[in-house]
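# Analysis of the macromolecular model
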Amino acid sequence: MAQTNDKHFYITTPIYYVNALPHIGHFYSTLIADCFARWNRLKDKTTFFLTGTDEHGQKVKEAAINNNMTPQEYVDIISEKFRDCFVRANFKFDHFIRTTHDYHVATVTRLWDTLTSSGYIYLDKYRGWYNVSDETFVNESDITDIDGSKFCKATNKALVWHEEDNYIFKLSLFQKSILKHMDQNPNWIIPAFRQKEVYAFVKDGLHDISVSRQMSTCDWGIPVPKKNNWCNNHGSRRVDSTTSNDSRVSTSNNFCVSNSDDQHKRHIVYVWLDALTNYLSGSNYKNSGYICNNNIWPANVHVIGKDILKFHAVYWPAFLIGANLPLPEKIIAHGWWTKDGEKISKSMGNVFDIDKEVEKYGNDAIKFYLLRDTSYSLDGDYREERMVDRYNGELSNTLGNLVSRATAPALLNNYVVPTPGNFTEDDCSIINDINTLFNDVDKIMTTDYDIQLSINRIWQTLFKMNLYINNTKPWESRKNNDNERLGTIMYTLLGSIRVLGYILEPFLPETAVRIQSIFPNKSMKTLVIDQTVLVPGQKLNIDKNLVLFRKL
Ligand code: MSP
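Residues numbered from 1 in each chain as written. Predicted model: local features only at pLDDT ≥ 70, side-chain atom pairs only at ≥ 80, totals over all residues. Heavy atoms only, no water.

## Some words on the sheet that holds strand β17 (residues 380-382)
Each strand in a sheet pairs with another by means of backbone hydrogen bonds, the pair being arranged parallel or else antiparallel. Test applied: Whether two strands pair depends on DSSP finding at least two bridges between them. Helix and strand assignments follow DSSP, with helices taken as H or I runs no shorter than four residues and strands as E runs no shorter than two, numbered in order from the N terminus.
Taken in spatial order, the three strands make up an open sheet running β16-β15-β17, and their pairing is mixed. At either margin of the open sheet sits one strand with a lone partner, and together these are β16 (342-343) and β17. Here strand β15 (residues 337-339) pairs with β17 via three bridges, running parallel. Across the sheet, residue Lys-339 finds its bridge partner in β17, namely Tyr-382.

Set out below in structure tokens:
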């Protein structure tokens, strides 16, 4: 089961519902994935970064109707807005999947056929309270009654009663396999406490789930395939009666699917089965839906928000095990962002326009704040004054200042790389720090998957380098005409910021490119100080007015 994908690095974001415009939550999930993708590209790993939009389902259809459009017209427009937002944000995704794409529909159909022919899906009566906003049925124990109306306890979302013949997936059969997977892979979900939550949830017993909707309730989705060759296998694996105690699931497991076209025309595939399958179809989009040919799967990392963990750590593994496919190696479930202490939501009227913030401060400043200010375990609270503090302190004063001092025209003769003399203990300490930085950060990025800690590690070096300048005082060597000492200090600094120009790229992509451009042969990536690449006498491209982060 624990198959690894060492050759490639394949990372995904959730695919985003197109019933709303992109906001900070979407930006954040995509940012985390972008950062890991860039880190792996830095290591020359063949990397595939997938993002996209989730375009089917009742609430998307409702949004289209509210906007006087057909669902297709509507999803075309909103999906494009997501893509544009991500392009403007300079996220370097390899493919943007849309669940209305043909190859995705083909993969969903194929997965459905595989699951049904193995006897994991059957047709039965399904009754229960449905949360349209989250596109999910809700268990009795999670429902509260307010003035005769039903609401979801956790989210306060209104529920509607559904009673229909649906296709049911035998999720209950997969309890043991999922628990076993977590036992064997204790660090499967990050942060660790989330894995404990999922473990307890699964241990409590899994109910079978509805995986189709009748077209009479919702017709905007992928039709349940017409093939009936799996019908005869139905019932070959019975639901374990000890785990199937859900009142919504009828006990008549021997129900056999009718062969009539009518029966099949009436259902669409449940949006979550449809959406989760994007991780297979998206990675294999050139092969139009043959999931078995997929040579990138399993994904190394699924980046998601904490609210959709159940779908990724319970439903998705069950579908995959049912189809005999390996499970994703890692799931990162991050917390939620609030704005000035308030939950961000359309109904609260505080949907946070990330584009406006980016326009004001630049992509890298916002990215840095989001990555630096919080860990996945916690919810983050976006506060502009805090963002500005970090910007001034860590970007402008620490990084910006360091780069301008290391490239100060007054300390470099004719803008050329100086010849170093003997390196002192102070110089060697910086050189050693820089030469181990990549490996240190790599360990944090690939073992702990912790971006915040990685940034902390880099900033330790930046603080140290600023101290080094204060202590070695290159301006005094200049004043004293000590060209040899001046050359050694400046060579140490230039060599260091050249390396930083690459290591910073996953975290501050635009700033990193500006740092790389100072050096003549920037295409020669070096992650340690290398005198064969940074050669004394080389002309530097120094912009006298270079200010990486103007103080706010
Ligand atoms: N379409 C589903 C995902 C299907 S993946 C196979 C979905 N879409 S969503 O647009 O509602 O949310 C996408 C992601 O944005 C989720 O990971 C969610 O956690 C994240 N966020 C939405 N609002 C958020 C914040 N305010 N803060 C951080 N992330 C939050 O769910």
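## Digging into the site of the ligand
Our working rule: We call a residue near a molecule or strand as soon as one heavy atom of that residue lies within 4 Å of the molecule or strand. Pairs of N or O atoms are called polar contacts if they sit within 3.5 Å, as long as, within protein, a hydrogen donor faces a hydrogen acceptor (for residues adjacent in sequence, only side-chain-to-side-chain pairs).
Taken together, 23 residues surround the ligand, and among them Ile-15, Asp-54, Gly-305, Asp-307 and Trp-337 come closest. Within the contact set of the ligand, a nitrogen atom lies 2.7 Å away from a side-chain nitrogen or oxygen of Asp-54. Between Trp-336 and the ligand, the recorded distance is 3.4 Å, taken from a side-chain N or O atom to an oxygen atom. For the shell around the ligand, the secondary-structure elements that each account for two or more residues are β1 (8-17), α1 (24-42), α8 (271-276), α9 (278-281) and β13 (301-305).

## Some points on the packing of helix α14 (residues 425-448) against helix α15 (residues 451-472)
What counts, and what does not: Helix axes use the C-alpha atoms of the stretch in contact, all axes being lines fitted to C-alpha atoms, and the angles between their N-to-C directions lie in the range 0 to 180 degrees. Note on angle classes: values under 35 degrees are labelled roughly parallel, values over 145 roughly antiparallel, values of 65 to 115 roughly perpendicular, and the remainder oblique. Contacts were defined at the residue level, with two residues in contact if any of their heavy atoms lie within 4.5 Å. Ten residues, namely Ala, Val, Leu, Ile, Met, Phe, Trp, Tyr, Cys and Pro, are considered nonpolar, four, namely Asp, Glu, Lys and Arg, are considered charged, and the remaining ones, Gly among them, are considered polar.
Relative orientation of the contacting elements α14 and α15 amounts to 175°, with a least axis distance of 9 Å. In this view, α14 runs roughly antiparallel relative to α15, as classed from their interaxial angle. Counting all contacts with α14, which are made through Asp-426, Asp-427, Ser-429, Ile-430, Asp-433, Ile-434, Thr-436, Leu-437, Asp-440, Val-441, Ile-444 and Met-445, the residues of α15 involved are Ile-451, Leu-453, Ser-454, Arg-457, Ile-458, Thr-461, Lys-464, Met-465, Tyr-468 and Thr-472. Grouping the amino acids of the contact of α14 with α15 by side-chain chemistry returns eleven nonpolar, five polar and six charged.

## Notes on helix α6 (residues 192-203)
As a reminder of what qualifies: An expected span of 1.5 Å times one less than the residue number is assigned to each helix. Each residue is assigned to one of three classes by its accessible area relative to the maximum for its type, calculated with a 1.4 Å probe on protein chains only: buried under 20%, partly exposed between the two thresholds, exposed over 50%. This arc describes the spread of directions from the helix axis toward the C-beta atoms.
Over its twelve residues, α6 runs 17 Å from end to end, which matches the ideal 16 Å to within 8%, given 1.5 Å per residue. Where α6 is concerned, the buried positions are Arg-194, Gln-195, Val-198 and Val-202. Down the axis, α6 shows its buried residues gathered within 100° of arc, on one side only. Summarising the geometry of α6, the exposed residues directed more than 90 degrees from the buried face are Lys-196 and Lys-203. As for α6, its buried residues are in contact with α5 (175-184), β9 (189-190), α10 (309-322) and β14 (330-334). With its phi angle positive at about 115°, Gly-205 sits one or two positions after the end of α6.

## Overview of the environment of Lys-367
Considering the arrangement of structural elements, one finds Lys-367 in helix α12 (residues 363-373). Along the primary structure Lys-367 and Pro-509 are separated by 142 residues, whereas in three dimensions their C-alpha atoms are 9.5 Å apart.

## Section: the sheet that holds strand β3 (residues 95-98)
Within the open sheet, the six strands sit side by side as β3-β2-β1-β13-β14-β9. Their pairing is parallel. Two strands lie at the open edges of the sheet, namely β3 and β9, each paired on one side alone. Sitting on the sheet, α10 is in contact with β9, β13 and β14, with an inclination near 140° to β13.

## Some details on helix α4 (residues 102-117)
Given a rise of 1.5 Å per residue, 16 residues ought to cover 22 Å, and the 22 Å separating the end C-alpha atoms of α4 matches this to within 8%. Two residues or fewer after α4 comes Gly-119, characterised by a positive phi angle close to 85°.

## Looking at the nonpolar core
What counts is decided by this rule: Throughout, nonpolar core names a set of buried Ala, Val, Leu, Ile, Met, Phe, Trp, Tyr and Cys residues whose side chains join them through atoms within 4.5 Å.
If you look at the biggest cluster of nonpolar residues, it comprises 101 residues, and the most contacted ones within it are Phe-36, Leu-370, Ile-451, Ile-458, Trp-459 and Leu-500. Setting aside chain neighbours within four positions, we find Phe-36 in contact with Phe-9, Ile-11, Ile-332, Tyr-376, Met-445, Tyr-449, Asp-450 and Ile-451. Of all hydrophobic cores here, the second largest spans 65 residues; its members include Val-108, Tyr-122, Leu-206 and Leu-280.

## Let's talk about the pairing of β1
This is how it is decided: Convention used here: a crossover is right-handed provided that the path from the first strand, over the helix, to the second strand proceeds clockwise when the strands point away from the viewer.
Among the ten residues in β1, ten count as buried, and that is most of the element. Here β1 pairs with strand β2 (residues 46-54) via eight bridges, running parallel. When the bridges of β2 are listed, Tyr-10 appears paired with Phe-48. A crossover connection joins β1 to the parallel β2 through α1; in handedness this β-α-β unit is right-handed. Summarising the sheet, β1 and β13 pair through two bridges and their orientation is parallel. Counterpart to Thr-12 in the pairing with β13 is His-302.

## Some thoughts on the confidence of the model for the protein
Applied cut-off: Predictor confidence is given residue by residue as pLDDT, running from a minimum of 0 to a maximum of 100.
Summarising the model, the protein shows a mean pLDDT of 88, and 89% of its residues fall at 70 or more. Counted against residues more than four places away or in other chains, residues 228-260, with its pLDDT under 50, gives 76 contacts. Confidence drops under pLDDT 50 across residues 289-293; counting only partners more than four residues distant or on other chains, this segment forms 16 contacts.

## Details of the pattern of salt bridges
The following threshold applies: Salt bridges are identified by distance alone: a Lys or Arg side-chain nitrogen within 4 Å of an Asp or Glu carboxyl oxygen.
On inspection of all chains with the given rule, the structure shows 25 salt bridges. Asp-34 serves as the salt-bridge partner of Arg-38, at 2.9 Å between the closest nitrogen and oxygen. Here Arg-38 pairs with Asp-34, and both are found in helix α1, just four residues apart, close to one helical turn. There is no split in this pair, since Arg-38 and Asp-34 are both buried. In this structure, Lys-150 engages Asp-145 in a salt bridge whose closest nitrogen and oxygen atoms are separated by 3.1 Å. The network of salt bridges with shared partners includes Arg-372, Asp-373, Arg-386, Arg-390 and Glu-394.

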